[in-house]
Structure formats: structure tokens, C-alpha cells
Amino acid sequence: MCELLAMSAALPTDLETSLALLKPRGGELCPHADGWGVAVYEERAARLYKEPKAASSSRLFGSLRDYDISGRVILSHIRRANPAAIGKSYANTHPFEREVGGRSWTFAHNGKLTGIDQEQLTSFRPLGGTDSEHAFCLLLDHMKDFLSRDGGIADLDLALNQLVEKTTLMNRYGEANYFLSNGEHLFVHAHTYLHMLERHCAVDGQPQSVVLLATQPMTDEENWSCLVPNTICVFLRGEMIAQKATSGAATQDAWKAQQKEAESFRTRKAEAAANAARIEAEKDMYWECS
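Residues numbered from 1 in each chain as written. Predicted model: local features only at pLDDT ≥ 70, side-chain atom pairs only at ≥ 80, totals over all residues. Heavy atoms only, no water.

Some words on a negative patch on the surface
Right, so step 1: Negative charge collects at one region of the surface, where Asp 14, Glu 16, Asp 66 and Asp 68 lie side by side.
Right, so step 2: With respect to the helices, strands and loops of the structure, Asp 14 is situated in strand 1 (residues 3-14). (Patch = residues over 30% accessible without salt bridge, like charges linked within 9 Å, V, L, I, M, F, W, Y side chains within 5 Å. Areas by Shrake-Rupley, 256 points an atom, 1.4 Å probe, with all protein chains shown as cover. Salt bridge = Lys/Arg side-chain N within 4 Å of Asp/Glu carboxyl O. Lys, Arg positive; Asp, Glu negative; His and termini not counted. Charge placed at Lys NZ, Arg CZ, Asp CG, Glu CD. Helix = DSSP H or I, 4+ residues; strand = E, 2+ residues; numbered from the N terminus.)

Below, the structure written as C-alpha cells:
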């Protein structure tokens with residue numbers, strides 16, 4: 001399994017705090033140690049930062065704060081190869097990117113889609129060996145006819161209907177939680193667990209709306225809600241503008257695997273907090289005795 005994190009905002013903003021919280025989940029608190037990636041949109045183009053190694057020990061991930069990681073749309077992913085035979089490589093690391101009409105389209109996926117590579121592709125081909133990238137190419141093959149000449153969405157209803165049809169096909173092969181974006185619209189499919197948090201404020205007198213989406217809530221204090229399973233939600237500039245149901249529920253095994261991973265994360269997080277408190281207490285004892 002993997003973990004997903006994305007943002008849609010009315011005004012460009014950074015994801016630094018959430019990425020800092022995601023970092024230890026990539027190999028320290030959670031077993032997602034096979035790669036990490038972040039896609040930051042600058043208008044039509046996406047800047048990709050990714051490595052086929054654990055985020056928790058990555059110097060590049062740790063240095064992201066030195067870059068301008070801000071935009072209206074940001075996608076990120078930490079990977080646990082499943083099966084392990086589909087190993088660590090840049091080509092197998094999410095998010096994946098393709099150019100359509102002079103615009104970057106990016107995709108990140110959580111789940112396992114066994115056998116989806118039997119679905120025929122036409123215009124797009126995978127660079128790596130993951131079922132996730134094959135699914136991305138499959139979606140783009142059938143979305144491209146509903147896009148404008150600049151790679152945008154010409155007709156949202158038609159594009160969403162096509163996306164629902166192909167996502168329903170994907171659901172037959174396993175678990176299909178994913179993010180898909182062109183830098184304007186962010187399409188989110190919740191097949192099992194995906195959580196959402198909405199924030200509203202003012203920035204320099206302008207209203208700001210931000211939506212965060214994550215496999216597991218990034219914070220304990222805020223009011224995260226769970227997206228309805230088998231639903232595609234469409235976000236534009238920090239607001240949900242459309243949603244539509246897909247067919248083909250995830251298997252009980254997929255649900256159990258997600259629940260087990262969530263419980264494991266909570267246990268490790270509590271252990272890490274207890275260990276940090278113990279270290280601080282030992283420091284206090286040292287200073288008291290010195």
C-alpha cells in the first residue's frame with residue numbers, strides 16, 4: 001500500500017507543513033519506503049521532485065523547504081512496492097506525468113490493480129512496470145477526446161462521465177484510490193479510505209479556500225471527513241464542483257489491509273510520541289542533576 005496527499009487552493013499556497021508530516025510516514029512510522037514524489041503546478045507545467053527511496057531518509061525531501069513548493073494544485077505520494085518484484089526505480093515512482101495539449105497531466109495511485117495490464121492502450125505507454133502507470137495511461141487514452149486543444153477540460157460533464165466509466169473498469173482489478181490533475185482540475189477517486197479537510201481564510205484581503213486530501217488525516221486536531229467510497233470528486237481552486245459515483249466496491253481484503261495499516265500507523269505514532277517525551281524527560285533530569 002501507499003499514501004496519498006494532495007491540495008487544491010484558490011490562491012497559490014505551500015504544502016510545507018503537511019509534507020513535513022508526511023515525511024516520517026515514508027519509511028519511519030510506516031513501511032512506505034520504496035519511493036516518494038511531489039508534483040507542484042506552475043500554471044500548465046508541473047515540477048516533479050521524486051526519488052525511489054524512503055522519504056524519511058531522503059536529503060532531497062528534507063531540502064524541499066528550500067524550494068518554492070507553492071501552487072494551486074500539489075500532488076504527493078509515498079510508495080510501498082506491491083508486489084515487491086515491481087521494485088524501486090524512478091520510472092516506478094509516483095506521481096506519473098504525461099503532456100497532453102501542452103499541459104502536464106499527473107497521476108498518483110494507492111492500491112493494487114492485478115491484471116489491469118491486459119487492458120489495451122493506444123496513445124500512451126508506461127515507462128515503468130507498475131499497474132498504477134498502466135491505469136494512468138488507460139485513463140488518458142479515453143480522456144483525451146474530451147480535452148480542449150490546450151489540455152484543459154472542454155466539457156466537464158462528458159469528461160467526468162468518461163472518467164467514471166474507466167474508473168469502474170479499474171475497480172474490477174482491485175483498489176483504485178487516485179489523484180488525477182492537469183493543474184486546474186483535481187479529480188479524486190475514493191475507493192476505500194481518502195480523507196478531506198477544508199480551510200478558509202483571507203490572504204492579503206483576498207478570500208482563500210484550501211482543500212487537503214490524504215489517505216490518513218495529517219493532523220489530529222482538525223475536522224477531517226472521510227470521502228464516500230466509490231465516488232469521484234472534482235476540485236477547482238479549493239472547492240468541490242462536481243462528484244459522481246463509480247461501480248465496483250473494493251474487496252474486503254483491500255478494506256482490511258487499509259484498516260490494518262491505519263492501526264499500525266496510530267500505534268507507531270503513539271510510540272514515537274512516548275519516546276520523544278521520554279527523551280525530553282531524561283534531558284530535564286540531566287540538567288537538574290548537573
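As for the packing of aromatic side chains
Right, so step 1: Throughout the structure, instances matching the rule amount to four aromatic pairs.
Right, so step 2: Judged by centre distance (5.2 Å) and plane angle (5°), the rings of Phe 107 and Phe 136 are stacked. Pair noted here: Phe 107 is in strand 6 (residues 103-110) and Phe 136 is in helix 3 (residues 131-143), with a separation of 29 residues, a long-range link.
Right, so step 3: For Phe 136, a relative accessible area of 0% corresponds to the buried category.
Right, so step 4: The cationic tip of Lys 50 hangs over the ring face of Tyr 90; the distance from NZ or CZ to the ring centre is 4.8 Å. (Phe/Tyr/Trp six-rings, centres within 6.5 Å; stacked < 30°, edge-to-face > 60°. Buried < 20%, exposed > 50% of the residue type's maximum accessible area, 1.4 Å probe, protein only. Lys NZ or Arg CZ within 6 Å of the ring centre and 35° of its normal.)

Points about the environment of Ile 153
Right, so step 1: One can find Ile 153 in the loop between helix 3 and helix 4 (156-171).
Right, so step 2: For Ile 153, a relative accessible area of 16% gives the class buried.
Right, so step 3: Expressed as a C-alpha distance, the spacing of Ile 153 and His 185, which sit 32 residues apart in the sequence, is 8.1 Å.
Right, so step 4: For Ile 153, the residues in contact, after removing those within four places along its chain, are Trp 105, Met 143, Phe 146, Leu 147, Ser 148, Ala 159, Asn 182, His 185 and Phe 187. (Contact = heavy atoms within 4.5 Å.)

So, the side chain of Thr 246
Right, so step 1: As for its placement among the helices and strands, Thr 246 is situated in the loop between strand 13 (239-245) and helix 5 (252-289).
Right, so step 2: By relative accessible area, Thr 246 is classed as buried at 8%.
Right, so step 3: Side-chain polar atoms of Thr 246 contact the side chain of His 189, separated by 2.9 Å.
Right, so step 4: Among residues more than four places away in sequence, those in contact with Thr 246 are Val 164, Thr 167, Thr 168, Asn 171, His 189, Asn 230, Thr 231 and Ile 232. (Polar contact = N/O pair within 3.5 Å; in protein donor to acceptor, adjacent residues only side chain to side chain.)

Digging into the sheet that holds strand 11 (residues 225-226)
Right, so step 1: Here we have seven strands laid out as an open sheet, ordered 3-2-4-1-10-9-11, and antiparallel in their pairing. Here the strands that pair on one side only, and so sit at the sheet edges, are strand 3 (45-51) and strand 11.
Right, so step 2: When strand 1 meets strand 10 (residues 206-214), the two strands line up antiparallel, connected through five bridges. The residue of strand 10 that forms the bridge with Ala 6 is Leu 213. (Pairing = 2+ DSSP bridges.)

Thoughts on the side chain of Gln 208
Right, so step 1: Following the sequence through the fold, Gln 208 ends up in strand 10.
Right, so step 2: On the basis of relative accessible area, Gln 208 is assigned to the buried category, the value being 4%.
Right, so step 3: Here Ala 10 takes part through its backbone nitrogen, which lies 3.4 Å from a polar atom of the side chain of Gln 208.
Right, so step 4: When neighbours within four sequence positions are excluded, Gln 208 is seen to be in contact with Ala 9, Ala 10, Leu 11, Pro 12, Thr 13, Arg 199, His 200, Cys 201, Ala 202 and Val 203.

Some points on the nonpolar core
Right, so step 1: Grouped together as the largest cluster of nonpolar side chains are 31 residues, with contacts concentrated most on Trp 105, Phe 107, Leu 163, Met 170, Tyr 178 and Leu 180.
Right, so step 2: Of all the elements in the fold, those that place two or more residues in this core are strand 5 (96-100), strand 6, helix 3, helix 4, strand 7 (177-181) and strand 12 (231-236).
Right, so step 3: With near-sequence residues (within four places) excluded, Phe 107 lies in contact with Leu 75, Pro 95, Phe 96, Ser 132, Ala 135, Phe 136, Leu 139, Tyr 178, Phe 179 and Leu 180.
Right, so step 4: Counting 22 residues, the second-largest nonpolar core is a separate cluster that includes Leu 22, Val 40, Val 210 and Trp 224. (Core = buried A, V, L, I, M, F, W, Y, C linked by side-chain atoms within 4.5 Å.)

Some remarks on helix 3
Right, so step 1: Spanning 13 residues, helix 3 covers 18 Å between terminal C-alpha atoms, matching the ideal 18 Å at 1.5 Å per step.
Right, so step 2: The element helix 3 is extensively covered by neighbouring structure, given that twelve of its 13 residues are classed as buried.
Right, so step 3: Along helix 3, the residues that are buried comprise Asp 131, Ser 132, Glu 133, His 134, Ala 135, Phe 136, Cys 137, Leu 138, Leu 139, Leu 140, Asp 141 and Met 143.
Right, so step 4: As for helix 3, its buried residues are in contact with strand 5, strand 6, helix 4 and strand 7. (Expected span 1.5 Å × (residues − 1).)

As for the packing of helix 3 against helix 4
Right, so step 1: As a packed pair, helix 3 and helix 4 sit with axes 10 Å apart at the nearest point and diverge in direction by 145°. Pair helix 3 / helix 4 crosses with right-handed handedness. Contacts between helix 3 and helix 4 involve Ala 135, Leu 138, Leu 139, His 142 and Met 143 on the former and, on the latter, Ala 159, Gln 162, Leu 163, Lys 166, Thr 167, Leu 169 and Met 170.
Right, so step 2: Across the contact of helix 3 with helix 4, the residue classes break down as eight nonpolar, three polar and one charged. (Axes fitted to C-alpha atoms, helices over the stretch in contact; angles between N-to-C directions. Left-handed = near helix turned anticlockwise from the far one by under 90°. Nonpolar A, V, L, I, M, F, W, Y, C, P; charged D, E, K, R; others polar.)

Any functional reading would require information that these geometric values do not contain.
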